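What follows is each chain in one-letter form.
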Amino acid sequence: MGVFVFLPLVLPLTAWPVARLAEQHLHPRTATRSLTAMAAVLALCSTVCLGLVMVVGTAQLPGNPLPDGWSDPEVRAAVPFDEVVGKAAIPALCAVVVACARTVWRHARVRSRAHRALAGLPDTEVAVLPDGAPYAYALPGRGRRGVDAPRGGARRGGRPGDGEPYGRAGRRVRGRRGGRVVVTTALLDRLRPAERRALFAHERAHLAARHDRFLLTVQLAARANPFLRPLRTAVAYTAERWADEEAARAIGSRRTVARAIGTAALVSRGTPAPTLAGLAAPGPVPRRVAALLGPPPVVRNWPPVFTSVGLAAWGAAAGTAVSAMSSANSAVTMVLILHAATPL
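For the structure given in this document, a descriptive report is provided here.

Thresholds, definitions, all that
- Residues numbered from 1 in each chain as written.
- Predicted model: local features only at pLDDT ≥ 70, side-chain atom pairs only at ≥ 80, totals over all residues.
- Heavy atoms only, no water.
- Helix = DSSP H or I, 4+ residues; strand = E, 2+ residues; numbered from the N terminus.
- Buried < 20%, exposed > 50% of the residue type's maximum accessible area, 1.4 Å probe, protein only.
- Contact = heavy atoms within 4.5 Å.
- Core = buried A, V, L, I, M, F, W, Y, C linked by side-chain atoms within 4.5 Å.
- Expected span 1.5 Å × (residues − 1).
- Patch = residues over 30% accessible without salt bridge, like charges linked within 9 Å, V, L, I, M, F, W, Y side chains within 5 Å.
- Areas by Shrake-Rupley, 256 points an atom, 1.4 Å probe, with all protein chains shown as cover.
- Salt bridge = Lys/Arg side-chain N within 4 Å of Asp/Glu carboxyl O.
- Pairing = 2+ DSSP bridges.
- Axes fitted to C-alpha atoms, helices over the stretch in contact; angles between N-to-C directions.
- Disulfide = S-S within 2.5 Å.

## A few points about the side chain of Thr184
Its place among the elements puts Thr184 in strand S3 (residues 180–184). Classification of Thr184 as buried rests on a relative accessible area of 0%. Once residues within four sequence positions are removed from consideration, Thr184 is found in contact with Leu129, Asp131, Ala133, Pro134 and Tyr135.

## Here we look at the nonpolar core
Membership of the largest hydrophobic core comes to 47 residues, with the highest contact counts inside it found for Val18 and Leu231. Counting residues per element, the ones that place at least two in this core are helix H2 (16–25), helix H3 (28–59), helix H5 (82–117), helix H8 (211–224), helix H9 (229–251) and helix H12 (308–341). Take this core: its biggest share by element is 13 residues, from H3. Aside from chain neighbours lying at most four places away, what touches Leu231 is Ala15, Ala19, Leu35, Met38 and Ala39. Residues Ala138, Ala248, Ile261 and Leu279 belong to the second largest nonpolar core, which totals 25 residues.

## Quick notes on helix H7 (residues 193–209)
An α-helical turn contains 3.6 residues, so any two residues separated by three or four positions project in the same direction. If you check H7, its first and last C-alpha atoms are 25 Å apart, about what 17 residues at 1.5 Å a residue would give, namely 24 Å. Of all 17 residues in H7, twelve are buried, a share of seventy percent or more. Taken together, the buried positions of H7 are occupied by Glu195, Arg196, Ala198, Leu199, Phe200, Ala201, His202, Glu203, Ala205, His206, Leu207 and Ala209. Trailing H7 by a residue or two, Arg210 shows a phi angle of about 50°, which is positive.

## Description of a nonpolar patch on the surface
A cluster of nonpolar side chains, Trp302, Val305, Phe306, Leu311 and Trp314, forms an exposed patch at the surface whose accessible area comes to about 580 Å². Within the fold, Trp302 resides in the loop between helix H11 (285–293) and H12.

## As for the sheet that holds strand S1 (residues 126–129)
Overall, mixed pairing links the three strands, which are arranged S1-S3-S2 in an open sheet. What marks the edges here is a single partner per strand, and that holds for S1 and strand S2 (136–139). For this sheet the average axis-to-axis angle between neighbouring strands, irrespective of direction, equals 20°. Where S2 meets S3, four bridges bridge the pair, whose relative direction is antiparallel. Bridge pairing links Ala138 to Val181 in S3.

## Quick look at the state of the cysteines
This structure, assessed with the given rule, holds zero disulfides. Between Cys45, a cysteine without a disulfide, and Cys49, which holds the nearest cysteine sulfur, the sulfur-to-sulfur distance is 7.0 Å. Cys45 gets classed as buried once you look at its relative accessible area, which sits at 6%.

If you want it as structure tokens, here you go:
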């Protein structure tokens, strides 16, 4: 294996340029999907190699449960500086596992608490909470089927027909199966009818594209390798921009969506967890507003090669491919070495 076992630990640095340029030069949908995929692969590869190094370090500890042959000199020779990096990998991998477990646990706890808070409300696509704190976010579903919306389009405790939170008369909405838009009366009272429509369109875009999965993936990737934090920040921004563009297309007014974002950002407290998406999620709101006041982004699956973002994207793709090959080669080599060192 040699030094190649350490490459996946530092190759996430190759994705830093595209994380910065993708926000400005790629369509938000393309940027979100590409950066999330890169982050997931790079995090998985670095974790695999960290585990391989940990095996060498664990085999050197007295009283370890591993076979005695795994501490032979030929096994330790596969990892440079085995005495130092092998033992250092043990607490490092434990920290990665604990951090990822805490992220998943917090995500599940927040979702569970949010669903329990909505237990007394009708099982509709939009849940309006009588709360004095202004906030709104997209809450993913839990697999239950939707129900028919009440006729008339009036929201619970509010004005009839101002924003279609319950849908048009007789329209069937998705309910909890496809997720719900959670919004408080305090935020609705601060938005104009057109801005409410922009709010609902934005949150529905989050639910339709399952942005919570992208956000959770990059959160876990950043926990697995701190070098992937720029990708986490970039995806948090591009996911919101993706929903902004979908909302603008749905209601037909980019300026209205920009006003809704600005108003919500001034009064809202954001989302309950970074793995959930919302109109006023923390981040560079002025950049989102400025992007909406300009022309819509060009839809492109992959940027041209001879551009700054194209070179950055190909560099990140090459780094991801090298990381995958290095981790796979290191894993196969380590398995063969351990198999040869294990007595029958």
